[in-house]
Structures are given as C-alpha cells and as structure tokens.
Number of protein chains: 2
Amino acid sequence: MVLTKVVDVYRGGRVESSHCGHVAVVNSKGELLYSIGDPNRITYARSAIKPIQTIPVLETGAADSFGLTNPDISLLCASHSGEAQHTDRVLAILKRAGIEEGALQCGTHIPHAQDTYKALLAAGKDLTPLYNNCSGKHTGMLITAKYMNEKLEDYYKPLHPVQQRILKTLSEVTDYPIEQIEIGTDGCGVPVHALPLERLAYGFARMADYSTLGEKRAKVVDRITTAMMAHPEMVGGTGRFCTDFMGSCDGRLFGKAGAEGVYLIGDRQTGLGIAIKIEDGNGRAVYPAALETLKQLGIIDEQQINRLMHHYRPVLKNARQENIGELVPSFTLQKCESATVNK
Amino acid sequence: MVLTKVVDVYRGGRVESSHCGHVAVVNSKGELLYSIGDPNRITYARSAIKPIQTIPVLETGAADSFGLTNPDISLLCASHSGEAQHTDRVLAILKRAGIEEGALQCGTHIPHAQDTYKALLAAGKDLTPLYNNCSGKHTGMLITAKYMNEKLEDYYKPLHPVQQRILKTLSEVTDYPIEQIEIGTDGCGVPVHALPLERLAYGFARMADYSTLGEKRAKVVDRITTAMMAHPEMVGGTGRFCTDFMGSCDGRLFGKAGAEGVYLIGDRQTGLGIAIKIEDGNGRAVYPAALETLKQLGIIDEQQINRLMHHYRPVLKNARQENIGELVPSFTLQKCESATVNK
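Read on for an overview of the structure. (Residues numbered from 1 in each chain as written. Chains lettered and ligands numbered in written order. Predicted model: local features only at pLDDT ≥ 70, side-chain atom pairs only at ≥ 80, totals over all residues. Heavy atoms only, no water.)

For the rest of this paragraph, the subject is helix α13 (residues 286–296) of chain B. Across the 11 residues of α13 of chain B, eight count as buried, placing the element largely inside the fold. Buried within α13 of chain B are the following residues: Val286, Pro288, Ala289, Ala290, Leu291, Glu292, Thr293 and Leu294 of chain B. (Buried < 20%, exposed > 50% of the residue type's maximum accessible area, 1.4 Å probe, protein only. Helix = DSSP H or I, 4+ residues; strand = E, 2+ residues; numbered from the N terminus.)

As structure tokens, then:
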C-alpha cells in the first residue's frame with residue numbers, strides 16, 4: 001500500500017492532522033498521464049459514479065417517456081442537500097411517473113441542509129427517504145423499472161434488471177470486465193462498485209470525450225453532463241462543493257463527490273478524467289485535493305481558484321466561530337513517463 | 001513522517017478506507033516501552049488532556065470551596081453529550097459558585113445527544129454554550145477564577161492566570177519544558193497544547209502511578225481519576241466510548257478522548273500511560289486502536305473486549321440500518337528494545 005500525504009490540516013502554525021490520498025489522471029485513450037499515491041487502488045466509487053448510473057435511465061427511454069428536463073436529469077446524479085428545490089423535484093418526477101413516494105427504499109439520514117431538518121423537527125415531523133441525498137438516484141431507478149415493466153419493490157437489489165443494467169453500463173464505460181467489478185452495499189442500500197482508481201478516471205474521461213462511446217450513448221452522456229453543469233444546484237445544494245465547482249467552470253468541467261473521500265471529474269475541453277480517493281475516507285480533504293490537481297494540470301486558473309478559495313483552502317472554525325486553522329494541499333502530481341493503457 | 005496503518009475500514013469483504021496512526025506506551029519512569037508509528041509526533045492533546053486541566057481546580061481549593069462532589073469533578077473532565085444529567089449538573093455547579101450561565105464562553109455546537117437537540121428545536125429554543133461538550137471544563141475554569149478573585153470575562157484567554165496555571169501543571173506532570181509546549185486554539189476557544197505523543201503518555205502514566213508527583217498533587221490526581229472511573233457517565237454520556245470503557249474496567253483504567261483522533265489512557269495497576277493519535281484525525285478509528293493496544297499489552301482480557309465489541313470492531317450501518325461493513329484494527333505494537341527516558 002502506497003501512503004502519500006496529500007492534504008495537511010493546520011491548527012495555528014502546526015500540522016494537527018494529515019490525509020493520505022491517491023490521484024489518477026487518465027485521457028480518453030485510457031492512458032495514465034499523472035498520478036500520486038496508488039492509481040490502481042481498488043476503490044468503491046460510491047456516489048461519484050452517479051452520472052454513469054444515470055445513463056440507463058436515458059438509454060432505456062424512461063427519461064423521455066416521463067418528460068425529464070435538464071434539472072431533473074441533474075438531480076438523478078445528485079447527492080443533494082435535502083433542500084425544498086430537491087425534494088419538490090423528486091416528488092414531481094415520481095408523480096409524473098405514477099409512483100408513490102413510499103416506493104423510495106433509500107432509508108433516512110439527517111440531510112445536509114440543517115434548515116430543512118430544523119423545520120421538520122419544529123413541525124413535529126420525521127425524516128423520510130425523500131430527504132436522503134440519494135433520493136434523486138433512486139427516483140431514476142424507480143422510473144426506469146416502471147417504464148420497463150419491472151418490479152418496483154426490489155429495484156435496489158443486486159439482481160434486479162435496473163442494477164444489472166447499471167453494472168453492465170459501468171463495465172462498458174470504464175472498459176473493465178464486469179466480473180472483476182467488486183460489489184458492496186452503498187449507504188442507500190443499492191449495489192456499490194469497486195474498480196481500480198485509474199478505471200474510474202478513464203470512465204469520466206470517456207464521459208468528457210464521448211467520441212468512442214457510440215452515437216447513441218454519446219448523445220445520452222452529453223445530455224447528462226450538460227444537465228449537471230447547467231444545473232449544478234441540483235447536484236449538491238447551497239454552498240456544496242459540486243454546486244460551487246461546476247457553477248464556476250463555465251460548462252467545461254463536471255464533477256461528482258462520493259462518500260469516503262472520493263471525487264471524479266471530467267474535462268470536456270481536454271478529454272481528461274480525474275479520480276481521487278482520500279485513503280482515510282474523510283471528505284474534508286477531497287475538495288482541496290481536487291482543486292490542487294486541476295491547478296497543477298493547468299485546467300483551472302488563479303481566478304477560478306480564488307472564487308473557490310473556501311473549498312481550496314477551507315478555514316476551520318471552532319464553536320466560537322473563530323478561525324483556528326485551515327486545510328492545505330501538500331502534494332505534487334507525478335508525470336507517468338511512459339503513458340500506457342492500464343487495464 | 002512515519003505513516004503506519006492501524007485500522008482498516010471494511011465495506012463487504014474489501015477494505016474501503018484505512019487509518020494511519022501513532023501509539024506510545026510509557027511507564028511512570030518515563031520509559032517508552034512500546035510504540036507504533038511515530039511516538040515522538042508533536043500532537044495537540046485536545047480534550048484528552050482534560051483530567052490534567054482539572055488539577056488546578058482542586059489544587060487551588062476552588063473545588064472544595066464550592067462543594068464539588070465526585071460526579072462534579074468527573075464532569076469537569078468531560079466531553080459530554082449534552083444530556084440533562086450533564087447540563088443540569090453544570091448549572092448546579094455554576095449556581096453554587098454564584099456564576100451566571102452566560103459566563104460560559106465555549107460557544108455552541110450540535111450536541112452528541114440527538115434527543116437533546118430535537119427537544120430543543122421542538123420547543124423553539126436555540127443551542128447555548130451550556131450544551132457544548134466542554135461546558136464542564138469551562139465551569140471548572142470559571143469557578144477557579146472566581147475563587148481566586150480573578151476576572152471572569154477573559155478566563156479562556158492564554159494569559160489569564162487560569163490558563164497559565166493549566167500550562168504550568170501540564171508542563172510539570174509531563175515533565176516537558178513549558179516553553180516547548182506549542183499553543184493553538186481549541187474547539188471551545190481555550191488554549192490547546194501540543195507535545196510529543198510519548199510525553200502525553202508519560203503524563204497519564206504519572207496520573208496512574210502518582211508516587212512521584214508529591215503528596216498534595218498525588219491526592220488531587222487520585223481524586224480526579226477515581227471520580228472519572230466512579231462516574232464515567234459524566235465523562236461522555238449514554239453509549240459513548242469513554243463511558244462504556246471506564247464502566248467496564250473495574251476502577252483500574254481511566255481514559256479520555258480528544259478531537260482529531262486522540263486518546264489517552266492511564267492504568268492504575270501497572271502505572272502505564274498510553275497515548276494514541278490517528279494521523280488523519282478521524283475519531284472513529286481511535287477506539288478500536290485503543291482497545292487493540294490494551295489487548296496486545298494484556299491489560300484487558302477477552303471478556304472485557306467482548307463487552308466492548310461494538311467499540312472494538314464497530315459495525316457500520318447505512319441509511320437503511322443494514323450492516324455494510326466494520327472497522328478492524330490492523331497493527332502490532334513494537335517493543336522498544338532499550339527502553340529509554342525520552343525527553
């Protein structure tokens with residue numbers, strides 16, 4: 001196991017904690033161009049893979065059948081904050097598809113939007129799966145099952161056709177054998193997929209440069225990433241990294257966070273895909289690492305970094321709201337001398 | 001920087017994330033007996049040092065002047081959950097000392113006890129510093145200032161006599177030069193202290209075997225650690241590690257958690273002190289690491305491990321409350337061949 005520090009956590013002038021991590025930068029030919037840590041680390045993609053999980057919703061025809069708009073498609077790729085703009089839209093999609101809210105099987109957790117949670121409690125209400133950050137993705141799965149005349153009750157189980165289509169699509173886009181993709185259970189109960197980090201980067205490179213995906217899939221992928229970049233408020237929420245990041249990148253870069261410190265980025269201009277995993281799983285380190293990677297590659301400039309400074313070098317505050325430290329990226333990407341297709 | 005994996009995080013059968021860490025095991029002569037990672041790592045002790053911060057409250061005479069009981073003293077050492085048993089006791093101590101609740105300067109955060117938070121919101125109330133996990137420690141500082149006729153308004157500032165007494169006491173107990181202790185700002189606004197990890201272990205070894213601290217300090221230290229072990233529910237709260245751990249160890253072991261993955265333990269039977277720092281600061285890994293250390297040292301037996309299994313190998317649940325993985329310690333302590341006094 002390669003352990004390489006990528007982000008330091010300062011308290012005052014001293015490093016209090018530090019995060020190890022892994023970065024893989026791959027082009028749409030599958031060549032590993034830059035890395036740090038172990039680019040072949042087998043990594044659960046978690047929610048970072050949602051844009052690829054959304055492909056079958058469009059390819060089956062379910063999305064058009066139920067009149068999904070660009071903001072709707074963006075929401076299918078989301079780990080949303082549970083704001084009204086997210087939950088209202090989930091309900092509206094389900095209603096158009098004639099599916100009860102109770103069909104959502106994603107479970108409950110306290111939403112990122114504290115105001116939503118406070119308002120719920122103040123009204124004497126309980127959390128429901130609607131507020132789960134994955135309710136958009138689950139809605140995409142449900143409407144696909146409905147459109148395909150498949151059972152709704154067990155759409156989240158590994159052998160359901162909805163999940164099998166996702167697995168096949170992921171294998172195709174990342175060009176990684178389906179039988180080598182390891183399956184676990186995600187935070188919301190659906191299958192979660194583990195692949196080498198550089199294969200995840202390759203998948204996002206092909207989402208950015210979709211020329212080798214075939215005409216039909218290329219159009220679908222273009223719709224998904226265009227929707228995410230045009231409506232980044234759906235992908236995360238107020239103040240969230242994915243939202244601020246895509247909102248600052250002028251339709252060039254799309255990115256998606258996953259739990260346990262995963263981030264995937266596609267660059268439509270260069271066709272590069274970037275995959276990042278923080279070894280310890282702490283999401284606080286992945287956004288500084290993502291922006292530092294883009295800076296070192298020359299993909300984002302000083303102005304963009306400055307607009308995203310609160311994500312690039314986040315200031316840590318204590319319970320008194322005093323600034324007591326900050327996160328600082330601490331790595332230098334290594335150029336891979338002989339770029340080779342890593343399979 | 002020595003990077004050594006100490007705890008693996010499994011999802012299904014695969015390691016999803018892993019935590020590096022450092023352990024130092026020191027006896028009351030100051031000899032480093034066992035370690036992993038870097039036992040000299042300069043480490044902010046954070047809240048783990050609260051039992052030492054409590055010494056001046058007793059040594060000045062403030063504790064006895066205001067009639068502090070054993071549960072009260074235990075609460076001064078706490079990072080409590082904000083349950084009624086904690087907040088009621090903080091209010092009672094402040095009242096006996098004639099200090100307003102508004103004097104607490106620890107700031108606000110959402111308490112560990114979700115029920116407390118829900119009840120507050122449902123009642124249309126706001127969080128106050130009373131619910132801060134450090135309100136016991138701040139109460140100890142306030143009553144000391146009051147008893148010593150010092151200003152109450154700025155008791156939390158580094159140059160206030162309350163903080164200077166703590167700094168001097170910490171230097172004496174750890175036998176580490178006062179001018180070498182690095183100071184930052186803690187989560188609750190008071191000074192936080194960085195020392196080599198093995199010096200923190202030595203401090204807790206001397207809290208366990210207090211024979212070299214002088215008669216007066218020995219009595220004070222005995223009262224503090226006895227109070228913590230007799231009333232562990234005050235140190236954490238329902239289901240918290242410190243509470244369950246000390247509740248299972250029959251008055252032999254005292255331990256205290258600190259933010260950013262710190263844990264300190266003293267063993268009254270062997271006079272050993274143990275200090276642990278998770279490099280990435282994630283508290284989820286520090287309890288398995290602490291129990292694994294005690295197991296390898298032969299300080300706790302299988303029965304005790306079994307009683308604490310949910311802290312030793314915690315099961316990870318998802319939003320559907322399914323078991324999806326677990327944390328597993330993955331290190332072997334190294335015996336230090338020639339035990340030397342590390343200063």
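With that settled, consider helix α10 (residues 215–230) of chain B. Across its 16 residues, α10 of chain B extends 22 Å between first and last C-alpha, which sits within 8% of the 22 Å expected from 1.5 Å per residue. All of the buried residues along α10 of chain B are Arg217, Ala218, Val220, Val221, Ile224, Thr225, Ala227, Met228 and Met229 of chain B. (Expected span 1.5 Å × (residues − 1).)

All names here are of chain B. Two numbers describe how helix α8 (residues 161–174) lies on helix α9 (residues 197–208): the axes approach to 8 Å, and their chain directions differ by 85 degrees. With respect to their mutual orientation, α8 and α9 come out roughly perpendicular. For the pair α8 and α9, the contacting residues are Glu172, Val173 and Thr174 in the first and Arg199, Tyr202, Gly203 and Arg206 in the second. Of the residues in the contact of α8 with α9, the class split is two nonpolar, two polar and three charged. (Axes fitted to C-alpha atoms, helices over the stretch in contact; angles between N-to-C directions. Parallel < 35°, antiparallel > 145°, perpendicular 65-115°, else oblique. Contact = heavy atoms within 4.5 Å. Nonpolar A, V, L, I, M, F, W, Y, C, P; charged D, E, K, R; others polar.)

Quick look at the pattern of salt bridges now. Here the structure, examined in full by the defined rule, presents 41 salt bridges over all chains. A salt bridge links Arg41 of chain B to Glu279 of chain B, with the shortest nitrogen-to-oxygen separation between them at 2.7 Å. Highlighted residues: Arg41 of chain B in the loop between β3 (32–36) and β4 (42–44) and Glu279 of chain B in the loop between β9 (272–278) and α13, separated in sequence by 238 residues. One exposure class covers both Arg41 of chain B and Glu279 of chain B, and it is buried. A salt bridge links Arg313 of chain B to Glu326 of chain B; the shortest N-O distance between them is 3.0 Å. One end of the pair, Arg313 of chain B, is in the loop between α15 (309–312) and β10 (315–317); the other, Glu326 of chain B, is in strand β11 (residues 323–329), with 13 residues separating them in the sequence. Given a relative accessible area of 24%, Glu326 of chain B falls into the partly exposed group. Each of Arg11 and Glu16 of chain A together with Arg46 and Asp186 of chain B takes part in a single network of salt bridges with overlapping partners. (Salt bridge = Lys/Arg side-chain N within 4 Å of Asp/Glu carboxyl O.)

Turning our eyes to something else, we now look at the interface of chain A and chain B. Chain A puts 48 residues into the contact, and the matching count from chain B is 48 residues. The interface formed by chain A and chain B holds six salt bridges in total. Here Arg14 of chain A ties to Glu182 of chain B by a salt bridge, and the two come within 2.8 Å at their closest N and O atoms. Across the chain A-chain B interface, the total number found is 34 residue pairs in polar contact (both at pLDDT 80 or more). At the level of elements, β1 (5–11), β2 (14–26), β4 (42–44), α6 (114–122), β5 (182–185) and β6 (191–196) of chain A are the ones that each hand at least two residues to the side of chain A that touches chain B. Top element by residues in the side of chain A that touches chain B is β2 of chain A. It accounts for seven residues. Of the residues assigned to the side of chain A that touches chain B, the class counts are 17 nonpolar, 15 polar and 16 charged. (Polar contact = N/O pair within 3.5 Å; in protein donor to acceptor, adjacent residues only side chain to side chain.)

This next bit is on the relation of the copies chain A and chain B. Superposing chain A onto chain B takes a rotation of 180 degrees combined with a translation of 0.0 Å along the rotation axis, leaving an RMSD of 0.0 Å. Between the two chains, the operation in question is that of a two-fold axis. Residues of chain A ranked by C-alpha distance from the rotation axis are headed by Ala122 of chain A, positioned 2.3 Å from it. (Least-squares fit on C-alpha atoms with pLDDT ≥ 70 in both.)

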